[in-house]
Amino acid sequence: MTILYLILFLLGAGLVACLVERTNANAPRWISLLAFIVATIWTGAIWLGGADPETGFYTTGELSWIPALGINVLLKVDGLSLVLVGLTNILGVIAVVSSWSEISVSRGFFQFNILWVMAGVVGVFCAYDLFLFFFFWEVMLIPMYFLIAIWGHEDRSYAAMKFFLFTQVSGLLMLVAIIALVWLNYENTGVITFSYDELLNVELSGTVASLLMLGFFIAFITKLPSVPVHTWLPDAHTQAPTAGSVILAGILLKTGGYGLIRFTVPLFEEASRDFAFVAMLLGVISILYGGYMAYSQSDFKRLVAYSSIAHMGFILVGVYAFNELGMQGAIVTMIAHGFSTAALFMMAGSLQERLHTREMSKMGGLWVKAPRMGAMTMFFVIASVGMPGLGNFIGEFLVLLGAFKVNVPLTVLATIGIVVAAVYGLSLMQRSFQGTPNAQVATMQDFGFRELSVYAIMIVALVWIGVYPQHVLDLAQPTLDALGIAL
Amino acid sequence: MTLTDLWVSFPLVVLVGGTLVLMIGVSIVRTHKLALGLTLLTLILSLAAHDIALDHIPEGGYELLGLLHVSGVQVFFNALFLLGAIVTALFAYPYFDARVERCEEFYILLLTATAGAMVVAAATHFASFVLGLEILSISLYALIAYPRQSHAPLEAAAKYLVLSAVASSAILMGMALIYVASGTMAFAEITLSPESGERSYFLLGQALICVGIAFKLSLVPFHMWTPDVYQGAPAVVTGYVATVSKGAVIALLITYVQATEVLSYDGVFYAVVFVAVASMIVGNLLALLQTNVKRLLAYSSIAHLGYLLIAVLVVNSARPELVLETILLYMAAYFIITLAAFGIVNLTSEHETEDNEKLEAYTGLFWRNPLLASILTVVALALAGIPLTIGFIAKFYVFAAGVEGTAWALIWALLIGSAIGVFYYLRLIYTMVKEVQPGATALPRIGNQSVVAVTVLGLLIVVLGVYPTPMIDMIRSIVQASGF
């Protein structure tokens, strides 16, 4: 039940943060920060508590919810879920700190939305009942919508609407697929159940399986996102407040990758195998297209947003390589990208706060004025470019290794994507922090202790994964073994 | 008339008796508060009488005088009507107290309309169908026009009167034709014998009845009256029209479809499929264009009844229990959500000469009145069918019924309709979270029973959305006992 309490704890903290604003306008952010720190330690404690040797789960929880329809609150945490829950909570801390002084209106409601988004994401990562999964999947949308629509930048209405519409509509396709799956299971066995473990055994004919698989697949690649359903992402990321971008890029996109690994592939193994080439192709297209688009951006945040599309392409390639290396690579990429992109979005937020612009043409030579910010940007640009020794490299390298066994031409194309990443990454660095100092920028306040300590967390995490990825690999391995597919 | 007959009809007797008492009471003392009190008392007593009636209804329902059939399903609908009427009465008190001089007759009309709805919902015979429908409709004409000094309600009532009369005459003509073909007016006996030469009469009759019903449910292409009437009528009455009058016809539709198996005729079936798809798509598309909240809700209700028709349409291909369960659950959700929606329109327009119905009037409501804005947000999310709200559970059931009935075309229409729907519901939410325009008037401080009623409805939407088990269990036991 621990995990259910963790979710309820985050939801409760959100309510408290919202209500306490009346008495003290600064209290909500402290409550939120504290809640995420507690949740992080809590997750750590679950990790240290170790997995049940028989089932491989760290903690499980079951509660009757709608028995008439065979729906239960069924939460289980295995290694993969645990890593992602940990990432969620750490990014929660980072998100709160990154928007520490950015928000001036209704701070309580702002923190409420952050906490509720994160609670929804934790639920998504742990749900073992398809109804519950869908429930959390949609629940995390609403607070995110508010984050963009209320505290976003100039074009927020359009961006928020686009984000919601894409995810909601693709989610409905998944809902139909879920219901159809449950109904087919009912026809076969006479039992109505939404339990993931039960539904793994449904026998499906080829066409039906393909159609249902597509329902899940489309929902997940919309969230990931992959070409051709990526168009919401640049708008949503650019318009969201810093905390919103951090959460979106750092963790919300990962729910798509997680969904592919947890649901699409195991539930429809045959259909997914048949579909693997198309999926990998989409991944490669995303890598190249994302890289190309990133290079052509003049907006700092938009560049990072497009680079996310490219990095997420690797996840698609890795998952559909259908081997252990590829899957492990996809998982490591999810974690590493979570940190590196969160850091870059935070940087974009800090720059916007100081310069009131995201246009790189109005920056230039900023390193001289703020060396700490420059160094930090440099580190995370290099990380996201894929420098060996840092997390992203491990992830993308494993993905390419896995894909190489399956399809050499696609792997070659994906590798070109890494070169493209170096081009746009370094161009980002040059245009903003190097070159001739922009005369219009007189002085710029450098990072203080608050920012540096958050960046330190992310640096440690990336170096840790980069130098000793075994922790993450070990955590994810049992999950991959238990997926029940021959890798 | 046996004693059981009396017990089963007891709720209706109480309601009609209460109406008479109110009528006499009003002619002696005209006090608004007393009228409200008597109305609420009558409605609550009638609700309580249902509990007694339930003890006397055998498994599978009870046939009353060959005109009405009362089972758990009808009791469920009646409970919805009575609760709808109670909420309407609560909303109406402050609304009319500030606007109209003589408010007492409103409550009499409200009670007669509710009685009419109860008769329609239980009808199994053309005679009771027409009687109930006319009692309901005639009360509604007057209810819509009740603030008689204003221009808009009168216009709306005139429109509704003319168009509704046309629909009623279509129904009557259809009945006549069916009577010619089958020689009976009781639903259960209406069949077309294979050797009958009156096939064309029969099908034309069914078509006319379907048209009339589609009109009353404001389904496309018989929806033209809806936005105008919704906009013109006072918000309290609109909420009542949108819920009780439609609920009654839906209840009748279930009985009618089940008894006459009218959907097994291909022509009728595909016509209804067309109507359902058109309602989902057209309703949502036109809602996109609205800048008036009442009109937006009108088109949204058109779309919602289109969704509900999916459940009706799969009656022959899915399990009948699931179909009935879906319809009852959807109706309950629809009642709660719609009443809350119009309750808020009503509350935000207090002390103004016109209803607060322009979309821009809601700009920044979140910062001006967080409670009402939160409830309206919940309502919008529920209408869009987003989880955490009862609207999602309802839509989930429709999906389930559609999948089980393998009605894929209808599911696609539902998907497309929902996608369009998200757009304008979100726009409403976005309007509320925008910054307050300088010069926007602060809302009046409202502290009365209507706020409580709206809050309760808002909470119900969320609580039943998160934990629907009690409601599902109750509906399931009703469905099982009804022997549908």
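The coordinates are above.
Residues numbered from 1 in each chain as written. Chains lettered and ligands numbered in written order. Predicted model: local features only at pLDDT ≥ 70, side-chain atom pairs only at ≥ 80, totals over all residues. Heavy atoms only, no water.

(A) Region of interest: the pairing of strand 2 (residues 71-77) of chain A. Residue and element names in this part refer to chain A. Strand 2 sits mainly inside the fold: six of its seven residues count as buried. Pairing geometry for strand 1 (residues 59-66) and strand 2, over seven bridges, is antiparallel. The partner of Leu63 across the bridge, within strand 2, is Val73. Hairpin connection from strand 1 to strand 2: four residues lie between these consecutive antiparallel strands, with Gly70 at a positive phi of about 65°. (Buried < 20%, exposed > 50% of the residue type's maximum accessible area, 1.4 Å probe, protein only. Helix = DSSP H or I, 4+ residues; strand = E, 2+ residues; numbered from the N terminus. Pairing = 2+ DSSP bridges.)

(B) Highlighting the environment of A:Ala159. One can find A:Ala159 in helix 7 (residues 156-189). Here the alpha-carbon distance between A:Ala159 and A:Ala236, two residues 77 residues apart in the chain, equals 4.9 Å.

(C) How the structure looks around the interface of chain A and chain B. Counting from both sides, the interface comprises 36 residues of chain A and, opposite them, 39 residues of chain B. A combined buried area of about 3400 Å² lies between chain A and chain B, and 82% of that area is made up of carbon and sulfur atoms. Viewed at the interface, chain B and chain A are joined by zero salt bridges. Our count for the contact surface shared by chain A and chain B stands at four residue pairs in polar contact (both at pLDDT 80 or more). Counting residues per element, the ones that place at least two in the side of chain A that touches chain B are strand 1, helix 4 (107-126), helix 5 (130-139), helix 6 (141-151) and helix 7 of chain A. No other element matches the 15 residues that helix 7 of chain A contributes to the side of chain A that touches chain B. Residues belonging to the side of chain A that touches chain B are distributed by class as follows: 30 nonpolar, four polar and two charged. (Contact = heavy atoms within 4.5 Å. Buried area = accessible area lost by both parts, 1.4 Å probe. Salt bridge = Lys/Arg side-chain N within 4 Å of Asp/Glu carboxyl O. Polar contact = N/O pair within 3.5 Å; in protein donor to acceptor, adjacent residues only side chain to side chain. Nonpolar A, V, L, I, M, F, W, Y, C, P; charged D, E, K, R; others polar.)

(D) Structural view of the side chain of B:Glu404. Note that B:Glu404 resides in helix 16 (residues 390-404). Of the residues examined, B:Glu404 reaches a relative accessible area of 11% and is grouped as buried. Here the side chain of B:Glu404 touches B:Arg319 through a polar contact of 3.0 Å, side chain to side chain. Sequence-distant contacts of B:Glu404, defined by excluding residues within four places in its chain, comprise A:Trp183, B:Ser317, B:Ala318, B:Arg319 and B:Leu322.

(E) Representation of the packing of helix 10 (residues 232-239) of chain A against helix 11 (residues 242-267) of chain A within the structure. Residues and elements named next belong to chain A. One way to put it is that helix 10 packs onto helix 11 with a least axis distance of 7 Å and a crossing angle of 140°. For the element pair helix 10 / helix 11, the angle class is oblique. Here helix 10 contributes Trp232, Leu233, Ala236 and His237 to the contact with helix 11, which in turn contributes Ser245, Leu248, Ala249 and Leu253. Looking at side-chain class alone, the contact of helix 10 with helix 11 contains six nonpolar, two polar and no charged residues. (Axes fitted to C-alpha atoms, helices over the stretch in contact; angles between N-to-C directions. Parallel < 35°, antiparallel > 145°, perpendicular 65-115°, else oblique.)

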